[in-house]
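Structural characterization, general
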Amino acid sequence: MTAVRTCLWYDGQAEEAAELYCSLLPDSWIEEVKRPSPDAPAILVHFTLNGAPFSALNGGSGVRHGPAASIAATLDGQAEADALYERLLAEGGSELQCGWLTDRFGVSWQVIPAGFVEVIFGPDATMNERAYAAMREMKRLDLAALRAASEGE
């Protein structure tokens, strides 16, 4: 069987990160934890985030996460997106631009309210440009403000 999953590298926090991520999103769980012996720290953690398979590897120091790869989470609405965004910040994350943030482990996240893609990539190029310009000024994505900007308000 062929399987594809994203593997995230950690320096000793793989199990902690997987547990946090699974607590943040529905339909998420730890699949298995691989240890060299029962009382040893985890080396590999397989987990699922809302149906997407991931692995967390305690690979050691020297490798850093970067924004070129991120966990993109599209949530049902603004309230759900705001709740996830706040929880990641409360857990030691830091805000970036355009709905991006970095969690306490250095992993980049995009927290997106449903409807965002339609506002930024709709059929009217002028409206899209106005929404995109507004987005570039935001940290947390605000769908109502993006819609208002796209309408020229």
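Figured I'd write up the structure that's included with this text. Please read these numbers as outputs of a predicted model, since none were measured by experiment.

Before going further, it helps to examine the sheet that holds strand S4 (residues 52-58). The mixed open sheet is built from 4 strands, whose spatial order is S1-S4-S3-S2. The open sheet has two free edges, formed respectively by strand S1 (6-10) and strand S2 (29-34), since each of these has just one partner strand. The mean inter-strand angle of the sheet, taken between neighbouring strand axes irrespective of direction, is 20 degrees. Across 5 bridges, S1 lies against S4 in parallel orientation. In the strand pairing of S4, threonine 6 is matched with phenylalanine 54. Across the sheet, helix H1 (residues 14-24) is in contact with S1, S2, strand S3 (44-49) and S4; its angle to S3 comes to roughly 10 degrees.

What follows concerns the environment of glycine 93. Tracing the backbone shows glycine 93 in the loop between helix H2 (78-90) and strand S6 (94-95). Excluding anything up to four places from it in sequence, glycine 93 contacts Leu88, Thr102, Asp103 and Arg104.

What follows is about the sheet that holds strand S5 (residues 70-75). Read from one edge of the open sheet, 4 strands run S5-S8-S7-S6, paired in mixed fashion. On the outer flanks of this sheet lie S5 and S6, each paired with one strand and no other. Lying over the sheet, H2 contacts S5, S6, strand S7 (100-102) and strand S8 (108-113), oriented at roughly 160 degrees with respect to S8.

A few words now on the side chain of threonine 102. Here threonine 102 shows up in strand S7. Exposure remark for threonine 102: the relative accessible area of 17% places this residue in the buried category. Leave out the neighbours within four places in its chain, and threonine 102 touches Gly93, Ser94, Leu96, Val107 and Ser108.

Formed by 29 residues in total, the largest nonpolar core has its most connected members in Tyr10, Tyr21, Phe47, Leu84, Trp109 and Val111. Those elements that place two or more of their residues in this core are S1, H1, S3, S4, S5, H2 and S8. Per-element tally for this core: the top contributor is H1, with 7 residues. Leaving out residues up to four positions away in the same chain, phenylalanine 47 has contacts with Arg5, Ala18, Tyr21, Cys22, Trp29, Ile30, Glu31, Ala52, Pro53, Phe54, Ser55 and Ala56. Judged by nonpolar contacts, the second largest core, of 10 residues, contains Ile112, Val119, Ile120 and Leu146.

Most of S3 is tucked away: 5 of the 6 residues are buried. Pairing of S2 with S3 involves 5 bridges; the strand directions are antiparallel. Across the sheet, tryptophan 29 pairs through a bridge with threonine 48, a residue of S3. Counted between consecutive antiparallel strands, the loop separating S3 from S4 contains 2 residues, among which asparagine 50 sits at a positive phi close to 45 degrees.

Contact geometry of helix H4 (residues 125-136) with helix H5 (residues 143-150) gives a least axis separation of 7 Å together with a crossing angle of 140 degrees. Here H5 runs oblique to H4, going by the angle between their axes. Two packed elements cross with a definite hand, and for H4 against H5 that hand is right-handed. Where H4 approaches H5, its residues Met127, Arg130, Ala131, Ala134 and Met135 are matched on the opposing element by Leu146, Ala149 and Ser150.

Scoring rules and cut-offs
- Residues numbered from 1 in each chain as written.
- Predicted model: local features only at pLDDT ≥ 70, side-chain atom pairs only at ≥ 80, totals over all residues.
- Heavy atoms only, no water.
- Pairing = 2+ DSSP bridges.
- Helix = DSSP H or I, 4+ residues; strand = E, 2+ residues; numbered from the N terminus.
- Axes fitted to C-alpha atoms, helices over the stretch in contact; angles between N-to-C directions.
- Contact = heavy atoms within 4.5 Å.
- Buried < 20%, exposed > 50% of the residue type's maximum accessible area, 1.4 Å probe, protein only.
- Core = buried A, V, L, I, M, F, W, Y, C linked by side-chain atoms within 4.5 Å.
- Parallel < 35°, antiparallel > 145°, perpendicular 65-115°, else oblique.
- Left-handed = near helix turned anticlockwise from the far one by under 90°.

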